[in-house]
Protein chains: 4
Amino acid sequence: MTEASTSAASGRRASRGRIDKRQAILEAAFTVFAREGYANACVKVIAAEAGVAKPTVYNHLSDKANLFRHAIEAASDTAMAQNLAVVGRLATPGDDLRAALEDVGDRLLLCYSSDESWALRRLIYAESARFPDLLDVVRGGGPTNRVTEALADRLARLALDGRLRLSDPAQAAEQYIALLTGPMEERSRFGTEQVPADEQRRLVRAAVHTFLQAFGTGAADSAGSANAQGIVKGS
Amino acid sequence: MTEASTSAASGRRASRGRIDKRQAILEAAFTVFAREGYANACVKVIAAEAGVAKPTVYNHLSDKANLFRHAIEAASDTAMAQNLAVVGRLATPGDDLRAALEDVGDRLLLCYSSDESWALRRLIYAESARFPDLLDVVRGGGPTNRVTEALADRLARLALDGRLRLSDPAQAAEQYIALLTGPMEERSRFGTEQVPADEQRRLVRAAVHTFLQAFGTGAADSAGSANAQGIVKGS
Amino acid sequence: MTEASTSAASGRRASRGRIDKRQAILEAAFTVFAREGYANACVKVIAAEAGVAKPTVYNHLSDKANLFRHAIEAASDTAMAQNLAVVGRLATPGDDLRAALEDVGDRLLLCYSSDESWALRRLIYAESARFPDLLDVVRGGGPTNRVTEALADRLARLALDGRLRLSDPAQAAEQYIALLTGPMEERSRFGTEQVPADEQRRLVRAAVHTFLQAFGTGAADSAGSANAQGIVKGS
Amino acid sequence: MTEASTSAASGRRASRGRIDKRQAILEAAFTVFAREGYANACVKVIAAEAGVAKPTVYNHLSDKANLFRHAIEAASDTAMAQNLAVVGRLATPGDDLRAALEDVGDRLLLCYSSDESWALRRLIYAESARFPDLLDVVRGGGPTNRVTEALADRLARLALDGRLRLSDPAQAAEQYIALLTGPMEERSRFGTEQVPADEQRRLVRAAVHTFLQAFGTGAADSAGSANAQGIVKGS
DNA sequence: GATGAATGAGGGTTCATTCAT
DNA sequence: TATGAATGAACCCTCATTCAT
């Protein structure tokens, strides 16, 4: 075997492995940062978790701070994609708008409740003061959160279609998200404990109920969820 | 001045000094933890900020972890008291319920937007996994947040008075808080930047608007704020 | 009650308590030093063990080093007195010299094997380099060990009486002690473990046997212990 | 010089360097521990003495306690080897058994009196309570001291050859060692001061004299040393 | 490119000792 | 005299980072 072929092969393998290795490092980094927090996490442990030597981490990602940023970015991208996919479902809401909003709410909360998602938020919350650029990462690069934006788009469309009554889709989207996720923080003890599925569903129904009270047209409600506040009509 | 009075005075000064010193340490600790995060903060700096020697910190608060807990608790108590005072204003809502809710909203957001408040939330968020008991501290010791609870009490009273329409006051309170604070997180970049006062007010009005759409009776609205969504009737 | 009588009473009580307190401190010090070693022991713990405040320790004994010296001295004096008492028994050896030597050997080993005795030796051994004056303390103040000296006196008397055959009583005394205690060190793992009583007795008999082989006259042996080496005569 | 030889050389130098460094650390550690005692010794000083940075010490030996154990072990191994070599000389005792025993005694005492040897014993004595496993190290790993054992072997052989009269070689060995080393402890002030060579020799002769009185056959003594007690026959 | 080894800097914690009461 | 409180000095250990291979 010639030296050239060797180096080519190993080069390809290497560059293939290079990407894999970088990926492994980033994943390990997120795992460890999530578990230990930024300052407490140590590069040695990350390297071990990734199955590489410590200097390799530095070769790929120069810095602990850089490593952190990229790990957060990767995790954030994954979460963002999931969220956007969920919001995308509102493009075809079907006849029952309430059901659609509840379906999206359920799914969003599922994403929101995952360990990774909580870890991500914890890290960003914790380090936002020391890593100001992290916010742009989590928002998807824009000045406003891309998920809220996408949701606002959908809501605007629904308003145009006469199925919602609202003038500021961005604000409505924000409130939808707030109603959905706000009550989750303490109930899950900031992601430390699991919120029972039925409690989550009740939360979603209540959120959508309030949302539709504020922004609905009163037309397309499904009867079953009409009363998340538990008010028995006629009583 | 007699010797007795002297020693009494200096005795008082001494014991005052002890308490003052502990207070100073806790305040310095919160300041530093807020600025640096738990793991990054170093006791030496805290001691310097408090104007005492490092061992004094350990004499008073045994541990870095303990120091953290107590600093958080102190800050949390302060914040809690402020919040409860604000919520207490709903005991005498006046004729204009919307105005009262907006007033409370404004004031809550004022508390919520303070640097200390953000720092507190950031720290709790960040360390909740490593300090599980922190949550009980911030909730005021009970199983549910005392602020939400107090608010729920007020809302229940208003419902009894026929000025709100709701069956689950705790849930309504949660949603009120969520509508109020949820949109603040990203707008303030997690407390990193100041949200302009008028934007805050708009947020409050929008939150109260949605809240009243969901839980109001339609009776006692003030005309001026009727339209937080910005829909100008008749235009 | 007059002020004078009060102060007199408390004065007497105080000076009484003063001595008690000093005693308590020294005992506590020895206990702690024995348990932790000199460098590891901390004055705070000693004070606690003595039931006094830390500065009181310093009032009484100025220094950690001084405290150590005095604690060692006190313990050493106790041990020395016990040893001397035991050696004194050789003044009236009775008819059976072997029995007398074995009796003294047993008793010396009992002293030697006590926890305090081991602790004392460990401390002196450990710190002899850093506290050179400790040696004089343990020897009882003289240039040679007072116990060995006293023993030498007894042996000399026995030699004069024709019951031993030796010209250098000090050397014989040293060898007696060496034969007695030397084998104990490793068997007891330096005082860490208890040596069974029967093993100790065997040791003593063997030591006395060897001693009498070297220095005995062959006259006054008791038949029973004649054979510590286990040689069955006639076989 | 070719590149290959260079890298080979430097490679060897490197790995040699690693071992050398570990060796240097262990030696420095023993030196410092010997001088300061375990608790008083500080790793920083050890590192300096070894010519490495502090973390290097931790890289090689994880712990202060571990460092101590290994340093003791290394020193102990050295001492053990020397002792065993000396005892080995008894395999070929020559005609004059007394001379052989005195020769071995002299040499054993030489080992025993070295600074390292004293330091070793002091450290083991001092720390045996806090490092119980140290005893196994110093004994050479077995349940009984390997030196005593080896000596017992030799004595047993001599007994078989009819040159000694003893039934318990282990006990005889113990006593030989005790007679030899026991009187050294205080004379050297626990290794703090040098015992004059002639005094050592006298000690050895006395020890061997007593030993042979107890276990000798009376046959092969050299006339010159017959009288370590200084009894001039006929006077 | 990947790694074992080394290091400067720094952090939490403890301790002997001293004031002020 | 006895003590609660305070402190300067160290010490063990860890970590991010860099060489040399």
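Worth saying up front: this structure is predicted, and the values here are computed from it rather than measured. (Residues numbered from 1 in each chain as written. Chains lettered and ligands numbered in written order. Predicted model: local features only at pLDDT ≥ 70, side-chain atom pairs only at ≥ 80, totals over all residues. Heavy atoms only, no water.)

1. What to know about the interface of chain D and chain C
- Taken together, the 50 residues of chain D in the interface contact 49 residues of chain C.
- Together chain D and chain C conceal approximately 4,300 Å² of surface at their shared face, both sides included; 51% is due to carbon and sulfur atoms.
- Connecting chain D to chain C are four salt bridges.
- R189 of chain D serves as the salt-bridge partner of D136 of chain C, at 3.3 Å between the closest nitrogen and oxygen.
- Remark: the boundary between chain D and chain C carries 20 residue pairs in polar contact (both at pLDDT 80 or more).
- For the side of chain D that touches chain C, a count of residues per class yields 23 nonpolar, 13 polar and 14 charged. (Contact = heavy atoms within 4.5 Å. Buried area = accessible area lost by both parts, 1.4 Å probe. Salt bridge = Lys/Arg side-chain N within 4 Å of Asp/Glu carboxyl O. Polar contact = N/O pair within 3.5 Å; in protein donor to acceptor, adjacent residues only side chain to side chain. Nonpolar A, V, L, I, M, F, W, Y, C, P; charged D, E, K, R; others polar.)

2. Quick word on the environment of R69 of chain C
All names here are of chain C.
- Looking at the element boundaries, R69 is found in helix α4 (residues 64-88).
- Along the sequence, R69 and D198 sit 129 residues apart, while their C-alpha atoms lie 36 Å from each other.
- A distance of 3.0 Å separates polar atoms of two side chains, one belonging to R69 and the other to D133. (Helix = DSSP H or I, 4+ residues; strand = E, 2+ residues; numbered from the N terminus.)

3. Here's the deal with the relation of the copies chain D and chain C
- If you rotate chain D by 179° and push it 0.1 Å along the axis, it lands on chain C with an RMSD of 0.1 Å. The transformation just described matches what one would write down for a two-fold rotation axis. Considering only C-alpha atoms, the residue of chain D closest to the rotation axis is A126 of chain D, which sits at 2.3 Å.
- Mapped onto chain C, 98% of the interface residues of chain D again fall at the interface, so both copies present the same surface. (Least-squares fit on C-alpha atoms with pLDDT ≥ 70 in both.)

4. What to know about the protein's contact with DNA strand F
- In the vicinity of DNA strand F lie 33 residues, with Y58 of chain A, P55 and T56 of chain B, T56 of chain C together with K54 of chain D positioned nearest.
- Sugar and phosphate atoms form 61% of the subset of DNA strand F atoms that lie within 4 Å of the protein.
- A53 of chain C places a polar main-chain atom, nitrogen or oxygen, 3.1 Å from a phosphate oxygen of DNA strand F.
- Between DNA strand F and A41 of chain D there is a distance of 3.0 Å, counted from a phosphate oxygen to a backbone nitrogen or oxygen.
- Contributions of two or more residues to the surface near DNA strand F are made by α3 (54-61) of chain A, α1 (3-36) and α3 (54-61) of chain B, α3 (54-61) of chain C together with α3 (54-61) of chain D.
- In the surface near DNA strand F, the residues fall into 16 nonpolar, six polar and 11 charged. (Near = heavy atom within 4 Å.)

5. Overview of the domain arrangement of chain A
All names here are of chain A.
- Domain assignment breaks chain A into domain 1 (10-62) and domain 2 (71-215).
- Averaged C-alpha coordinates put domain 1 and domain 2 at centres separated by 30 Å.
- With both sides pooled, the region where domain 1 packs onto domain 2 buries about 680 Å², and carbon together with sulfur makes up 83% of that total.
- A per-residue breakdown of the area domain 1 buries against domain 2 is headed by L26, F30 and Y38, which together make up 72% of the total.
- Connecting domain 1 to domain 2 are zero residue pairs in polar contact (both at pLDDT 80 or more).
- When its residues are assigned to classes, the side of domain 1 that touches domain 2 shows six nonpolar, one polar and no charged. (Domains from an automatic or database assignment.)

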